[in-house]
Amino acid sequence: MLTTIPRPTPEQQQVLDRILAQRERLRARRDALRQARAAAGATQGRVNPADPLLTRLASFARLHPVAVAAVLGVAAMAGPNRVMRWAGVVLPAVLRMRRR
């Protein structure tokens, strides 16, 4: 027993067209996100030297969390006065290296 599907009214067809357009937009967005993740995955696992210093530091921290935790632990044990003293020595050297 086959039943024929009635043709949609013009209002129903408008709704169906909007649903189809939304599905296409969502599919395109999902594909773009997949491509972006694949592109990000290609550079994952290393620090890009062309990135700004803060981005390189964040990438390094993501790649080496144990090393960063160890450095922060040593800094905490050294105390704030000693850390500030060393920052006064190291920071100008880092800034000079960046200018070159």
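Residues numbered from 1 in each chain as written. Predicted model: local features only at pLDDT ≥ 70, side-chain atom pairs only at ≥ 80, totals over all residues. Heavy atoms only, no water.

Section: helix H3 (residues 65-78)
At step 1: Its 14 residues place the ends of H3 20 Å apart at the C-alpha level, agreeing with the 20 Å of an ideal helix rising 1.5 Å per residue.
At step 2: Immediately downstream of H3, the backbone of Gly79 shows phi near 100 degrees, a positive value. (Helix = DSSP H or I, 4+ residues; strand = E, 2+ residues; numbered from the N terminus. Expected span 1.5 Å × (residues − 1).)

Some words on a nonpolar patch on the surface
At step 1: Together, Val15, Leu16 and Ile19 make up an exposed nonpolar region whose accessible area comes to about 220 Å².
At step 2: The topology assignment puts Ile19 in helix H1 (residues 10-43).
At step 3: You can call Ile19 partly exposed: its relative accessible area is 35%. (Patch = residues over 30% accessible without salt bridge, like charges linked within 9 Å, V, L, I, M, F, W, Y side chains within 5 Å. Areas by Shrake-Rupley, 256 points an atom, 1.4 Å probe, with all protein chains shown as cover. Salt bridge = Lys/Arg side-chain N within 4 Å of Asp/Glu carboxyl O. Buried < 20%, exposed > 50% of the residue type's maximum accessible area, 1.4 Å probe, protein only.)

A look at the environment of Ala67
At step 1: Structurally, Ala67 can be placed in helix H3.
At step 2: The exposure class assigned to Ala67 is partly exposed, which follows from its relative accessible area of 37%.
At step 3: Once the C-alpha coordinates of Ala67 and Met84 are considered, the two residues, 17 residues apart in sequence, prove to be 20 Å apart.

Observations regarding the pattern of salt bridges
Side chains that differ in charge, positive against negative, can pair when their charged atoms come close.
At step 1: Evaluation of the coordinates by the stated rule reveals one salt bridge.
At step 2: Residue Asp31 is joined to Arg34 by a salt bridge in which the shortest nitrogen-to-oxygen separation is 3.2 Å. Placement of the pair is Asp31 and Arg34 together in helix H1, with a separation of three residues, close to one helical turn.

Thoughts on the confidence of the model for the protein chain
At step 1: Here the protein chain shows a mean pLDDT of 86. Residues at 70 or above account for 91%.
At step 2: Per-element confidence in the protein chain is highest for H3, whose mean pLDDT is 90, and lowest for helix H4 (residues 80-99), whose mean pLDDT is 83. (pLDDT = per-residue confidence, 0-100.)

Comments concerning the layout of surface pockets
If a probe the size of a water molecule is rolled over the atoms, the empty space left behind becomes visible.
At step 1: In this structure, the largest pocket occupies an estimated 430 Å³ of space.
At step 2: Of all the elements in the fold, those that place two or more residues in the lining of the largest pocket are helix H2 (53-63), H3 and H4.
At step 3: In terms of residue class, the lining of the largest pocket is built from twelve nonpolar, no polar and no charged. (1 Å grid on protein atoms, 1.4 Å probe; cavity = no way out; pocket = protein on both sides within 12 Å on 5 of 7 lines; lining within 4 Å. Points joined across faces, edges and corners; volume = space filled by probe spheres on them. Nonpolar A, V, L, I, M, F, W, Y, C, P; charged D, E, K, R; others polar.)

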